[in-house]
Amino acid sequence: MLLVKTLRSSTFRLALIAIAAFGLIVAAIMAYVYFGTLAYVQSQVGDAGDHAGFKHMIGLAMTAVAVLLLVLAGLAAVLVTRRTVGRIEQINATSRAIMLSGLDQRIPLRGSHDEWDRVAENLNQMLDRIETLMGEVKQASDNVAHDLRTPLTRMRGRLEKAYHNQRNDEADAALIGDTIADLDAVLGMFASITRISEIESRARKSAFRALNLAEIAGEVVELYDAAAEQVTTRLSLGGDREVLITGDRDLLFDAIANLVDNAIKHGRAGGRVSVTCRSTNEGAVIAVADDGPGIPADQRDHVFKRFYRLEQSRYTPGNGLGLSLVAAVVHLHGAAIALHDNTPGLAVRLSFPPHLP
């Protein structure tokens, strides 16, 4: 079956064309050698000697060489084409298996480390990425359904209760207010999703300009100072007074605000939250640290996914989109984000590339 596919393949036809072109060149060279040899012999010995026998011997030698070259070229074409078709068939078989059974199939590697193995490795990595993205989409869908079910159930319960009860201005006003609050939460969730998608599409780089990261961090600390006092948390700002970067001020403000808000909400009551900005040889760094319970090491790679929430944070206000927005802003600015133990607590470190005047 593979031999039949090999002989019918376009690669084999191209190989035959190449062999034909190569044969013409070889035939021309051999003809030149043949007639040149005869002319040289004729010029040296004249009409003496057995020219017919010599011609016959040269002709046989040329014919044998031509047949040998033709056989070797044809054999090489079949072997090379067979190998190519075999690897293509493996990719096609894996593709058909994926279409039938799912993304758990992978293209086998032969360990030859040739270009076909590199193609297979790239395709397998692409499949891994697609499988990861599909899993994230499914998880995000499940989390959206979970987070929407509670406010929508509450709204339906209130409206059903109001429908069966007599009208009361104060009760109706309270019901309308609570329903509007739940609707605002739902709309806020979708607004956050839209904004994250906009940031990830890199549609906001037109607003990039030179900024002082320490100044933005100071405004965030001033904004959240009252919220920190309500839970007796000490919120402080430290580091350099001028930390220059290039970026979008509003997005950076939102990202830092999300980190500070998370540190206050999920940190220890009566604890400390520190915001530190510094300039380094590698660029600018801002760190937000708390002394709360922190995040387990095995879950730190997951907290940047949309709607992902730790079990202990499931019943606190929020929708699991804050760190997703932070990650999107960080990637838009070509920066890096890392989570570290603060012993105790968590330290979130954002590292930005050097500012270019």
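Before going into details, it helps to say that this report is about the structure given with it. The model shown is predicted, which means the values in this text are computed figures rather than measured ones.

## Notes on the sheet that holds strand 7 (residues 346-352)
As a general point, the strands of a sheet are linked pairwise by backbone hydrogen bonds and lie either parallel or antiparallel. If you walk across this open sheet you meet the five strands as 2-4-5-7-6, and the pairing is mixed. Among the strands making up the open sheet, the edge pair consists of strand 2 (234-239) and strand 6 (336-341). Here the average twist between neighbouring strands, direction ignored, is 15°. As paired strands, strand 4 (residues 272-280) and strand 5 (residues 283-290) are joined by eight bridges and run antiparallel to one another. Note on strand 5: the bridge partner recorded for serine 279 is alanine 284. Contacts from helix 6 (residues 213-230) reach strand 2, strand 4, strand 5 and strand 7 within the one sheet, and its direction differs from that of strand 2 by about 170°. This element, helix 7 (residues 249-266), spans strand 2, strand 4, strand 5 and strand 7 of the sheet and lies at about 25° to strand 5.

## Focus: helix 7
Counted at 1.5 Å a residue, the expected span for helix 7 with its 18 residues is 26 Å, and the 26 Å between its end C-alpha atoms agrees. For helix 7, every residue scored as buried is listed here: Leu251, Leu252, Phe253, Asp254, Ala255, Ile256, Ala257, Leu259, Val260, Ala263 and Ile264. For helix 7, the capping residue at the N-terminal end is aspartate 248, with a side-chain oxygen 3.0 Å from the backbone nitrogen of aspartate 250.

## Notes on the pairing of strand 6
Within a regular strand, the side chains alternate between the two sheet faces. The pairing of strand 6 with strand 7 spans six bridges and is classified as antiparallel. Bridge pairing links leucine 339 to valine 348 in strand 7.

## Things to note about the side chain of asparagine 212
Relative to the assigned elements, asparagine 212 resides in strand 1 (residues 209-212). Among the residues examined, asparagine 212 registers a relative accessible area of 18% and is labelled buried. Within polar-contact distance, the side chain of asparagine 212 engages the backbone nitrogen of alanine 214 at 3.2 Å. Polar contacts involving the side chain of asparagine 212 include one to the main-chain amide nitrogen of valine 243, which spans 2.9 Å. Not counting residues within four places of it along the chain, the set of residues in contact with asparagine 212 comprises Arg241, Glu242, Val243 and Leu244.

## Some words on the nonpolar core
Taken as a class, soluble globular proteins show a tendency for nonpolar side chains to be buried jointly. In this structure, Leu213, Leu235, Val260, Val275, Ile286 and Phe352 are the most contacted members of the largest nonpolar core, which totals 50 residues. Mapped onto this core, the elements with two or more residues apiece are helix 5 (169-200), helix 6, helix 7, strand 4, strand 5, helix 8 (322-332) and strand 7. Here the element with the most residues in this core is helix 7; it accounts for 10 residues. For leucine 213, the contacting residues outside a window of four places in its chain are Val243, Ile245, Ile256, Cys277, Ala284, Ile286 and Phe352.

## So, the side chain of aspartate 291
As for its position among the elements, aspartate 291 is in the loop between strand 5 and helix 8. Since its relative accessible area comes to 15%, aspartate 291 is described here as buried. A distance of 2.8 Å separates a polar atom in the side chain of aspartate 291 from a polar atom in the side chain of arginine 268. Side-chain polar atoms of aspartate 291 contact the backbone nitrogen of arginine 272, separated by 3.1 Å. Among all residues touching aspartate 291, those that are not within four sequence positions of it are Arg268, Gly271, Arg272, Asn342, Pro344 and Gly345.

Cut-offs and rules
- Residues numbered from 1 in each chain as written.
- Predicted model: local features only at pLDDT ≥ 70, side-chain atom pairs only at ≥ 80, totals over all residues.
- Heavy atoms only, no water.
- Pairing = 2+ DSSP bridges.
- Helix = DSSP H or I, 4+ residues; strand = E, 2+ residues; numbered from the N terminus.
- Axes fitted to C-alpha atoms, helices over the stretch in contact; angles between N-to-C directions.
- Contact = heavy atoms within 4.5 Å.
- Expected span 1.5 Å × (residues − 1).
- Buried < 20%, exposed > 50% of the residue type's maximum accessible area, 1.4 Å probe, protein only.
- Polar contact = N/O pair within 3.5 Å; in protein donor to acceptor, adjacent residues only side chain to side chain.
- Core = buried A, V, L, I, M, F, W, Y, C linked by side-chain atoms within 4.5 Å.

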